[in-house]
Amino acid sequence: MELLKQKIIDEGIVLSDQVLKVDSFLNHRIDPPLMAEIGKTFAQQFRESGITKILTIESSGIAPAVMAGLELGVPVIFARKRKSLTLQEDLYTEKVYSFTKKEESEVSIARKFLAVGDRVLLIDDFLANGEAALAMARIVHQAQGEVAGIGIVIEKAFQDGGSKLREQGYRVESLARVASLRDGIVSFAE
Ligand code: G4P
Ligand code: NA
Ligand code: NA
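Residues numbered from 1 in each chain as written. Chains lettered and ligands numbered in written order. Predicted model: local features only at pLDDT ≥ 70, side-chain atom pairs only at ≥ 80, totals over all residues. Heavy atoms only, no water.

A.B. asks: For unusual backbone geometry, give the residues involved together with the corresponding values.
C.D. replies: For residues other than glycine, phi is negative in most cases, and the peptide bonds are mostly trans. Along the chain, Glu 58 connects to Ser 59 via a cis peptide bond; the corresponding omega equals -5°. On the secondary structure map, Ser 59 appears in the loop between strand E3 (53-57) and helix H3 (62-72). Phi angles above zero are rare outside glycine, and Gln 144 is one such case at about 60°. For Asp 183, which is not glycine, the phi dihedral falls at a positive 55°. Tracing the backbone through its elements, the reader meets Asp 183 in the loop between strand E9 (172-180) and strand E10 (187-188). (Helix = DSSP H or I, 4+ residues; strand = E, 2+ residues; numbered from the N terminus.)

A.B. asks: Before we move on, can you summarise the site of ligand 1 with the specific residues and values?
C.D. replies: Near ligand 1, the surroundings consist of 20 residues, among which Leu 20, Ser 59, Ser 60, Thr 100 and Lys 101 are the closest. Here an oxygen atom of ligand 1 sits 2.6 Å away from a polar atom, N or O, in the side chain of Lys 101. Ala 128 has a polar backbone atom sitting 2.8 Å from an oxygen atom of ligand 1. In isolation ligand 1 offers 730 Å² of accessible surface; the protein chains occlude 83% of this area. Counting residues per element, the ones that place at least two in the shell around ligand 1 are strand E7 (119-127) and helix H4 (131-142). Per element, the largest residue contribution to the shell around ligand 1 is three residues, and it comes from E7. (Near = heavy atom within 4 Å. Polar contact = N/O pair within 3.5 Å; in protein donor to acceptor, adjacent residues only side chain to side chain. Areas by Shrake-Rupley, 256 points an atom, 1.4 Å probe, with all protein chains shown as cover.)

A.B. asks: Kindly report on a nonpolar patch on the surface, identifying the contributing residues and their values.
C.D. replies: A cluster of nonpolar side chains, Ile 13, Leu 15 and Val 19, forms an exposed patch at the surface whose accessible area comes to about 250 Å². Residue classification places Val 19 among the partly exposed residues on the basis of a relative accessible area of 30%. (Patch = residues over 30% accessible without salt bridge, like charges linked within 9 Å, V, L, I, M, F, W, Y side chains within 5 Å. Salt bridge = Lys/Arg side-chain N within 4 Å of Asp/Glu carboxyl O. Buried < 20%, exposed > 50% of the residue type's maximum accessible area, 1.4 Å probe, protein only.)

A.B. asks: Go over the nonpolar core with me, naming the residues and quoting the values.
C.D. replies: Core analysis: the largest hydrophobic core is formed by 31 residues, its most contacted members being Leu 4, Ile 8, Ile 54 and Ile 154. Aside from chain neighbours lying at most four places away, what touches Ile 54 is Ala 65, Ala 68, Gly 69, Leu 72, Val 74, Pro 75, Val 76, Ile 77, Val 120, Leu 121 and Ile 123. Residues Val 107, Ile 109, Ala 137 and Ile 139 belong to the second largest nonpolar core, which totals 26 residues. (Core = buried A, V, L, I, M, F, W, Y, C linked by side-chain atoms within 4.5 Å. Contact = heavy atoms within 4.5 Å.)

This is how it looks when you write it as structure tokens:
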């Protein structure tokens with residue numbers, strides 16, 4: 001997605017060889033017109049996949065997921081990282097290990113929001129080691145649904161999440177694939 005790549009070039013800050021900061025349009029401040037285009041692009045890619053629901057994880061996955069849900073006409077669920085006052089019903093819960101943060105956390109969603117046979121599109125802002133996407137996929141499988149695809153805003157192709165997910169047979173569509181962040185320069189994969 002050219003508009004997204006240009007935004008990354010213009011506003012992305014390379015923090016290290018591993019980490020790209022994009023808080024001016026994705027992780028802190030959000031650019032609504034860009035997000036609308038992101039939603040349209042995901043919808044084009046998955047229009048024929050019979051998607052019935054979108055699943056993401058709070059917080060930065062919510063904006064692209066909602067825009068895609070608007071385009072596809074399906075509800076959007078975000079997994080919660082903390083048990084909330086109101087989230088007390090029967091839950092699906094999965095552990096997520098973050099190699100970046102070197103810590104394990106849990107994500108949960110209420111069982112009533114996923115049904116047997118749901119065809120779920122997973123959406124996330126970043127794909128690094130793929131642990132968040134795999135946790136979402138496990139939740140879908142717990143609910144006896146099917147993962148119909150995975151939509152990622154920015155894939156760090158130099159980390160192993162993309163290959164891990166594709167090897168497991170998932171269709172992964174990334175709107176921008178970063179091949180390297182070496183020497184403070186963002187280079188994109190084909
Ligand atoms: P993984 O799920 O692919 O294995 O990723 P990882 O554990 O590395 O990701 C942990 C958090 O860091 C996630 O956000 C993820 O989106 C984010 N992240 C990973 N690599 C980058 C990067 O290069 N740049 C930025 N900006 N973020 C990155 P989170 O903690 O769930 O936070 P949020 O969704 O509330 O923003
Ligand atoms: Na994030
Ligand atoms: Na995320």
